[in-house]
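# Observations on chain architecture
Take a look at the letters that make up each chain.
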Amino acid sequence: MTGPARVLGLQCLRCRARFDEPRLFTGCPRCRAQGVAVNLTVEYDLSPLADVTPETFAPPGARKGLWRFAHLLPTRSARTVSLGEGATPLVHLERLGRRLGLPRLYAKDESQNPTWSYKDRLCAVAVSHAVDIGARVITISSTGNHGASTAAYAARAGLSCVIFTLASVPETMKTLMQAYGAAVVECPTSEARWDLMRQGVERLGWYPTSGFIAPPVGSNPWGVEGYKTIAYEIAEDLGWTAPDLVVVPSAYSDGLYGTWKGWTELQALGLVKHAPRMIAAEPFGPLAHALERELEAPEMVDAPSPSVAFSIASRYGTWQGLAALRESGGAGVRLTDEGILEAQRALAREEGLFVEPSSAASLTAVMQLAARKALDPSRTIVIVLTSGGLKDPGASRTWMPPVPAAGHDFDRVLTVLREAYGLALDR
């Protein structure tokens, strides 16, 4: 390896037009003029990495975490904004895998990032890019994880942060966003928050980390590059081989597409022999709908009722998500609330991993596919667990019993354990 990949600009995922403007956050203007909403992606010249090996791509003793892979990230400044994100564990789900008949089932536990979600990968790269181009105010429209992460990285960079959210967002999420010093305002609808955010971007030059247009295209394309490092780390942990299946909770598919792009780069550089199939775990199924009907682009689908996985419960899909599924031969899997909460319980009680409902969606998809006998037991499967369980504790309480009182009598404790928890521990 002789040097980092060279950034050529932003490229449209559909028409392949290239743009040099670093503040183009609304997707491809040419495709939008044709009525198709498409995100842009960072285009690189990979030739400086032509001789890369696993040892030079991820050298031992190099910087830990996400910035070990700076040679394939778009920020070239010495002043990267970091809180130690990345380097999250790949956990072998032995008990769950045995029960599901999937002995090679793994979880990429992204809850161990600094703000307890994988949004830290996006925000570390996006806010570093904001610093590169001289931005002074960071803004986002968010229901929680992305907003909390944006606020944390803006604070780390010493920049002001304005967050547009909804009144229905759990108080825990509002607390997280405000704790990092962000100015958080509630809006009546998602469309209203996007419009207000857009005015801040267009009138005052605020730097966005999320999308703010409808139909959505996805988030800041510079930030989406951070998700590539999920693929890099999984490949390294599996001995520079790719799994057969990677399952990602999906709304606007930033994580899904970014992870897929990471696999395509590893394959192009000869670091893995094949790329995995990507699976989108989605409550309402806009990507599954588009694939089933062979649509050119996703269309808005019905939402019969609110989803417990509120942060990924979108009726919209995006071109970038559909591209990741089509290019990988993957699929979208619709989810039920019952399945999501079952997966959340299983992860916590069988594997010691407590994640929020939106995060457990990836296991829900695997459980549903396994029940349909749609998974080969010999395959290696990785689910991405995107965020920690205390982000939305209210949802988890629905499947937990009230905590019983014990008093001072140990015999009473044994009775309580038997009656409340079914534990006969006095024999």
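Each chain carries its own residue numbering, running from 1 in the direction its sequence is written. The predicted origin of the model limits local features to residues at a pLDDT of at least 70 and limits the giving and counting of side-chain atom pairs to 80 or more, whereas totals for whole chains, interfaces and linings rest on all residues. Think of the side-chain values as coming from all heavy atoms in the structure, minus any hydrogens and water.

Here a helix means four or more residues in a row that DSSP labels H or I, a strand means two or more in a row labelled E, and each is numbered from the N terminus. By the element assignment, Thr 380 lies in the loop between helix 14 (357-371) and strand 13 (381-385). A distance of 2.8 Å separates polar atoms of two side chains, one belonging to Thr 380 and the other to Arg 104. Throughout, a residue-residue contact means that at least one pair of heavy atoms, one from each residue, lies within 4.5 Å. Apart from residues lying up to four places away in sequence, Thr 380 is in contact with Arg 104, Tyr 106, Leu 238, Pro 243, Asp 244 and Leu 245. Counted as a polar contact is a pair of N or O atoms within 3.5 Å, where, for protein atoms, one must be capable of donating a hydrogen and the other of accepting one, and residues adjacent in sequence contribute only when both atoms are in side chains.

Two strands qualify as a pair provided DSSP detects at least 2 bridges between them. Taking strand neighbours across the sheet as the criterion, the four strands line up as 8-7-6-9 in an open arrangement whose pairing is parallel. For this open sheet the edge positions go to strand 8 (183-187) and strand 9 (207-208), each flanked by a neighbour on one side alone. Running over the sheet, helix 5 (residues 145-157) touches strand 6 (137-141) and strand 7 (160-166) and is turned about 170 degrees from strand 7. The axes used here are C-alpha line fits, helices contributing only the stretch in contact, and every angle between their N-to-C directions lies in the interval 0 to 180 degrees.

Moving on, we get to the pattern of salt bridges. By salt bridge we mean one thing: a side-chain nitrogen of Lys or Arg within 4 Å of a carboxyl oxygen of Asp or Glu. Counted by the stated rule, this structure contains 19 salt bridges. The salt bridge partner of Arg 6 is Asp 45, with a shortest N-O separation of 3.8 Å. Of this pair, Arg 6 sits in strand 1 (residues 6-12) while Asp 45 sits in strand 3 (residues 40-45), placing them 39 residues apart in sequence. Across the pair Lys 174 and Glu 171 runs a salt bridge, and its minimum N-O distance is 3.3 Å. Of the two residues, Lys 174 and Glu 171 are both situated in helix 6 (residues 171-179); the distance of three residues between them amounts to about one turn of the helix. Three or more residues are tied together by salt bridges with common partners; here these are Lys 108, Glu 110, Arg 121 and Glu 233.

Before going further, it helps to spend a moment on the environment of Gly 339. Here Gly 339 shows up in helix 13 (residues 337-351). Exposure classes here rest on a 1.4 Å probe applied to the protein chains alone. A residue is buried below 20% of its type maximum, exposed above 50%, and partly exposed in between. On the basis of relative accessible area, Gly 339 is assigned to the buried category, the value being 12%. Gly 339 sits 77 residues away from Val 416 along the chain, and the two C-alpha atoms are 29 Å apart.

With respect to the element layout, Ala 183 can be found in strand 8. The partly exposed category is assigned to Ala 183, whose relative accessible area is 41%. Excluding anything up to four places from it in sequence, Ala 183 contacts Cys 161, Val 162 and Ile 163.

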